[in-house]
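Report on the structure
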Amino acid sequence: MGRIQAMHFSVITPTYNRLQFLPETVASVRASVSAPLDFSFEHLICENASTDDTAQWLHSETSKEGVPLRVRTQATKLLPGPARNLIIRQDAPADGWLVPLDDDDVLLQRALYHYAAQIQQHTAQPWFVADFLRVDEERRYLPSEDYYAWKFDTPAEMLRAIFKAEHFIQGNVCYSRALFDEVGGYDEEIEMAEDLDLYVRFLLAGHLPVICPHVSHLHRFHTNNVSIGVDADKHGADLRVIYDKYAQQLQALGVERPGK
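Read on for an overview of the structure.

As a further point, take the environment of Ser216. One can find Ser216 in strand β8 (residues 210-220). Placed 189 residues apart in sequence, Ser216 and Ala27 show a C-alpha to C-alpha distance of 15 Å. Discounting residues that sit within four places of it in the chain, Ser216 has contacts with Leu107, Leu108, Ala111, Tyr115, Ala130, Asp131, Phe132 and Asn172. Here His217 takes part through its side chain, which lies 2.7 Å from a polar atom of the side chain of Ser216.

Below you can see the structure in the form of C-alpha cells.
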C-alpha cells in the first residue's frame, strides 16, 4: 500500500472546561498509528475561553517534543461552529483532510489509517462516514447503543432519511478542506446541530459520502454532554431549522419538511 502523496489529517477539537476528559481525547489522537501507510497528522484545538485549568494543561502538552498538537486560545467563548471554523481556517492546510473530534470522545488508534486507506481507494470522493460506539463516563461500553452509518444511492435519498429523522451524522466523519471551503464552513449562528447542517450542505452540493467499514471513535455519554437533553422533539426542531434554511433546494429534490 505504501506512501500516500501529501496526505495530511487535522483532527479538530474545540474545548471548554473539559479537563476531566480532554487528556484522554488528546492521548487518543497522539496514539494514532499509520503503518504501513505513511501520512502526517496533527491535533488542532481551540481552547474556548475555559475557566478551569484546561489552558494551563494544554500549554504543558504543546511544549512536549514530537507531539502533533497545536492550540489556539480564544479569549471569549464561541459557539461550536465558529470555534471549528477558526482553527480550520487559521491552522489547517488547504489541501488536507479534516476529522472533527469532541473534547470528551476517544479516537480509535487506527481511525486515521482506515480513513487514509479509503481515501486512497476513492480518490475522487471528498468525504467519508464511519461507525462509532457509545461508552459511559468511565469508558464502559454501552450495549445496543452502537451507531451504524447507512448506505444511500443518491444525495436526495440520504437527505430524505435525515429529514425524516431516520438517520443522522455527527462526529464520525472525515472530509476534505476543499469541500469545507466549497460549502462555506460551519454556520456561525446555529446553536445546535451545526455539524448536521454542514453535512446537509455537502449533500446539497451533490457529494454522497463513502461509507467506511470501521469504527472511528468512542462517543462518551455523561451528564455534561453538550447534547444532553436533545430528545426526539428537540432533534425535530433542529431539523426544521435546518430545513427552512435550504427549503427551496430540498423541495426541488422532493425532500419534505419534518412535521411538528
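A word on the pattern of salt bridges. Scanning the entire structure with this criterion turns up 19 salt bridges. Here Glu194 and Arg84 are joined by a salt bridge, their closest N and O atoms 2.5 Å apart. Of this pair, Glu194 sits in helix α7 (residues 194-204) while Arg84 sits in helix α3 (residues 80-91), and the two are 110 residues apart along the sequence. The pair formed by Glu194 and Arg84 is uniform in burial state, with each residue classed as buried. For Lys245, the salt bridge identified is with Asp197, shortest N-O distance 2.8 Å. Of the two residues, Lys245 sits in helix α8 (residues 232-245) while Asp197 sits in helix α7, which places them 48 residues apart along the sequence. A relative accessible area of 0% means that Asp197 is categorised as buried.

We now examine the side chain of His43. Looking at the secondary structure, you find His43 in strand β2 (residues 38-48). The exposure class of His43 is buried, given its relative accessible area of 1%. In this structure the side chain of His43 is engaged in a polar contact, spanning 2.8 Å, whose partner is the side chain of Thr13. Setting aside its immediate chain neighbours within four residues, His43 contacts Val11, Thr13, Thr25, Val26, Val29, Pro68, Leu69 and Arg70.

Cis geometry is adopted by the peptide bond preceding Pro36, which originates at Ala35 and carries an omega value of 10°. Locating Pro36 in the fold gives a position in the loop between α1 (22-30) and β2. The backbone phi angle of Ala49 is positive, close to 60°, even though this residue is not glycine. Following the sequence through the fold, Ala49 ends up in the loop between β2 and α2 (54-62). For Arg139, which is not a glycine, the phi torsion comes out positive at approximately 70°. In this fold, Arg139 is placed in the loop between β6 (127-135) and α5 (155-163). Residue classification places Arg139 among the partly exposed positions, given a relative accessible area of 42%.

What counts and what doesn't
Residues numbered from 1 in each chain as written. Predicted model: local features only at pLDDT ≥ 70, side-chain atom pairs only at ≥ 80, totals over all residues. Heavy atoms only, no water. Helix = DSSP H or I, 4+ residues; strand = E, 2+ residues; numbered from the N terminus. Contact = heavy atoms within 4.5 Å. Polar contact = N/O pair within 3.5 Å; in protein donor to acceptor, adjacent residues only side chain to side chain. Salt bridge = Lys/Arg side-chain N within 4 Å of Asp/Glu carboxyl O. Buried < 20%, exposed > 50% of the residue type's maximum accessible area, 1.4 Å probe, protein only.

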